[in-house]
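This is what each chain is made of:
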Amino acid sequence: MHFWRTNQDRLYILALIGCAVLLVLPQIILRSLVISSDALFHFNRFYDTAMQIKEGNLHYFVSFYGFQQSGRIVNALYGPIVAYLHGGLVLLSPNWFFYQVSANFLLYTLAGFGMYGLLRTCKIRSATAFLYSVVYLTTYAIQYWIMRQGFSSWGAAVLPLCLIPYMEWMRTYRFDACKVGICVALAVQVHLLTALFVVVIYAIGLIGIICQKKQMEWGLCRQIVQAVAVFLLLTANIWLGMLLIYQGNSLLAPFINQTMYRSTITYNSTYWILTPLLLIFGLLYTIGEGMLSFSKQSFAKRMVLCPLLLFVLLSTNIVPWKFLIQRQFFLAELIQFPFRFFIPATTLMMVYLAEQWQTKVKRRSLYVLVVICSLGHGLLLNTEANLRWHKAENPFQTRKHTTRFFDEPQELKAAFHYRDMQTALLLIQKGTPDYLPIYAEDNRNKYEAYTQEIILPHADFEKVVEQDQLTVSWQGKEGQVRQVPVIVYDRTTVHYNGAYLASDKLQVTSIGAPLVKELEGLNQLTISYPQPHVFLGCLCLVLLLWLLVIMYYGKKTIYWLIL
């Protein structure tokens, strides 16, 4: 019997890979891309790390290839290790079309494997685990990346993996400190907001355990401390990197959404509960049946329902988001879009519905019907999004603050299929100002400031990366003041025409672009960002520890698949 179950799991895993292939087929057949509001930001991040790997100029902190070769800090504060993994995929891809198809396929596969593993951990039968893994692939938690390049979907893909120790804890009362530390660290390395969701879920579980046992065991306290130690070791690069960056800089945070009350599942973002269409019925059933029978549920189910209902509540307008954002409430400013709370709610909902399904549904035809309906809706959405590339007059959903350097959309469309992947990034550029240094408070729109100071003048300068520094060259006139399109941070070292410029002698704009007095003829400004040896040592330690983790758990997975 065990042998049959093992082989059955393998078959369902192969079937999940088949579903991932099916969901990317519309894009492959139509040879199209989906370029939405966040695409240019992430494409620049990954192009930068790809070129670092290709040329052997590894710059953990600053971007010398992407973002107009401006030397600005982005990846160090936004999933740096994952950015290098995507950079490796970009490097292996012949063009942006191939990269996007490959990334979408990997996202589907990772999300499917993670959800299947979580459901099997919860003792869900393999057929039911497969069913709800397929449904999960077609929810907007995953489709958010496919449709809008929202990076939260990569957090949603690893979230089921991060909850495996949680469900084991809730079911058996055994807390595995090592697994918990690794899983929370994984969430941090991928997506910080997802990590916050994971911590909230584990905190609710801890409260539930204490209430269940009516005491706090010292053994559990010791295990939690051990989990925190594992977590800190595996994320040391994040915290030390942040410390070094924020120590001498005042950085511009991502924009504050003043109309965030519109971005809820009960206002403008109802598509989160309608993708796939069956999800709305699952949500209503979960809320209704879960609340009515809460006291009769097992402890493990209650510990799924509590965070689930909390996250559903937070994703609606029941929470006074408009009032909170007007009062400059920190967490409201951090969240930006309340519909993000529906991501962990979706993950937990799959667990709850799968447990209910396997006890109440016996007809196999219903399994097939749900799979067909979910995949059908996913294929319909993906086809519609990719047809826009061919049918819409302007298929690039980049909204405002975007500068175009092309005459016809066909020129840009062709560029996304070029082998030189920088071409497309030069033809359309977005002035996203996240994490720029703020040297002076003014009323200027920072999107417009970045566009005026970095994007528009970029083409007038020659920029070359050599070793660990970026050299900017241009022809100047005697005595004229020139603003150079690069960004200077507290730790950035600047040399102008061979002479070192100390920070107290360097004049910069409000967002850190240097102003220098030109000489007649050739002028050169060189910037670099020295990385402290203590940080490089820390980074090497973190990478080594993750390698050991991957080898240990990867070996067990490979043995399971082969033997």
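Residues numbered from 1 in each chain as written. Predicted model: local features only at pLDDT ≥ 70, side-chain atom pairs only at ≥ 80, totals over all residues. Heavy atoms only, no water.

(A) Highlighting the overall build of the chain. Broken down by element type, the chain carries 21 helices and ten strands. The globule rule puts the C-alpha radius of gyration for 563 residues at 24 Å, and the 25 Å found for the chain is close to it. Each principal axis of the C-alpha distribution contributes one length, and for the chain these read about 85 × 60 × 55 Å. Once local pairs closer than 6 in sequence are excluded, the contacts in the chain between residues at least 24 apart make up 77%. Of the roughly 25,000 Å² of accessible surface on the chain, a fraction of 63% belongs to carbon and sulfur atoms. Both charge centroids of the chain, one from 45 positive and one from 30 negative side chains, sit 18 Å from each other. (Helix = DSSP H or I, 4+ residues; strand = E, 2+ residues; numbered from the N terminus. Rg over C-alpha atoms; globule rule 2.2 N^0.38 Å. Contact = heavy atoms within 4.5 Å. Areas by Shrake-Rupley, 256 points an atom, 1.4 Å probe, with all protein chains shown as cover. Lys, Arg positive; Asp, Glu negative; His and termini not counted. Charge placed at Lys NZ, Arg CZ, Asp CG, Glu CD.)

(B) Helix H7 (residues 152–172), seen in detail. With 21 residues, H7 extends 30 Å from end C-alpha to end C-alpha; this agrees with the ideal 30 Å at 1.5 Å per step. Val158 marks where H7 bends most, by close to 35°; the proline Pro160 follows one to four residues later. Counting buried positions over the 21 residues of H7 gives 17, a clear majority of the element. Looking at the residues trailing H7, positive phi occurs at Tyr173, about 65°. (Expected span 1.5 Å × (residues − 1). Bend = angle between axes of the 7 residues up to and from the residue. Buried < 20%, exposed > 50% of the residue type's maximum accessible area, 1.4 Å probe, protein only.)

(C) Summary view of the pattern of salt bridges. This structure, assessed with the given rule, holds eight salt bridges. Put simply, Asp9 and Arg120 hold a salt bridge, and the shortest N to O gap is 3.2 Å. With a gap of 111 residues between them, Asp9 in helix H1 (residues 2–30) and Arg120 in helix H4 (residues 96–121) connect regions that are remote in the sequence. Residue classification places Arg120 among the buried positions, given a relative accessible area of 16%. Two residues, Arg482 and Glu518, come together in a salt bridge whose shortest N-O distance is 2.9 Å. Separated by 36 residues along the polypeptide, Arg482 in strand S5 (residues 481–483) and Glu518 in the loop between strand S9 (514–517) and strand S10 (521–528) bring together distant segments of the chain. Look at Arg482 and you get partly exposed, because its relative accessible area is 21%. (Salt bridge = Lys/Arg side-chain N within 4 Å of Asp/Glu carboxyl O.)

(D) Quick look at the environment of Glu289. On the secondary structure map, Glu289 appears in helix H12 (residues 278–292). Expressed as a C-alpha distance, the spacing of Glu289 and Gln356, which sit 67 residues apart in the sequence, is 10.0 Å. Excluding its chain neighbours within four sequence positions, the residues that come into contact with Glu289 are Gln297, Tyr352, Gln356 and Lys360.

(E) Region of interest: the packing of aromatic side chains. The final tally for this structure, using the stated rule, is 44 aromatic pairs. Ring geometry for Trp272 and Phe339: centres 5.0 Å apart, planes at 20°, overall stacked. Residue Trp272 is located in the loop between helix H11 (236–247) and H12, and its partner Phe339 is located in the loop between helix H15 (330–335) and helix H16 (342–360); the two are separated by 67 residues in the primary sequence. Across the pair, exposure class does not vary: Trp272 and Phe339 are buried alike. We note Arg72 situated over the ring of Phe67; from NZ or CZ to the ring centre the distance is 4.8 Å. Sitting above the plane of the Tyr367 ring, Arg364 keeps its charged end 5.4 Å from the centroid. (Phe/Tyr/Trp six-rings, centres within 6.5 Å; stacked < 30°, edge-to-face > 60°. Lys NZ or Arg CZ within 6 Å of the ring centre and 35° of its normal.)

(F) Representation of H11 in the model. Taking 1.5 Å of rise per residue, the twelve residues of H11 would be expected to cover 16 Å, and the 16 Å separating its terminal C-alpha atoms lies within 8% of that figure. The complete set of buried residues in H11 reads Asn237, Ile238, Gly241, Leu244 and Ile245. The arc enclosing the buried residues of H11, seen along the axis, measures out at 140°, which places them on a common side. (Arc of directions from axis to C-beta.)

(G) Just the nonpolar core, in detail. Counting residues in each nonpolar core, the largest one holds 187 residues, and the members touching the most others are Trp96, Tyr99, Phe342 and Phe416. Here Tyr99 is in contact with Phe43, Phe46, His86, Leu89, Val90, Ser93, Trp145 and Met421, once residues within four sequence places are set aside. (Core = buried A, V, L, I, M, F, W, Y, C linked by side-chain atoms within 4.5 Å.)

(H) Structural detail: a nonpolar patch on the surface. Taken together, Val21, Leu22, Leu25, Ile28 and Ile29 make up a surface patch of nonpolar side chains, about 390 Å² in accessible area. In this structure, Ile28 sits in helix H1. (Patch = residues over 30% accessible without salt bridge, like charges linked within 9 Å, V, L, I, M, F, W, Y side chains within 5 Å.)

(I) Representation of the pairing of S9. Of the two faces of S9, the one holding Pro514 and Val516 is buried and the one holding Leu515 and Lys517 is not buried anywhere. In this sheet, S9 lies alongside S5 in antiparallel orientation, the contact comprising three bridges. Along S9, the bridge assignment pairs Arg482 with Val516. The pairing of strand S8 (residues 507–508) with S9 spans two bridges and is antiparallel. Its bridge partner lying in S9, Val508 is registered against Pro514. Between the antiparallel neighbours S8 and S9 lie five residues, among them Gly512 with a positive phi of about 95°. (Pairing = 2+ DSSP bridges.)

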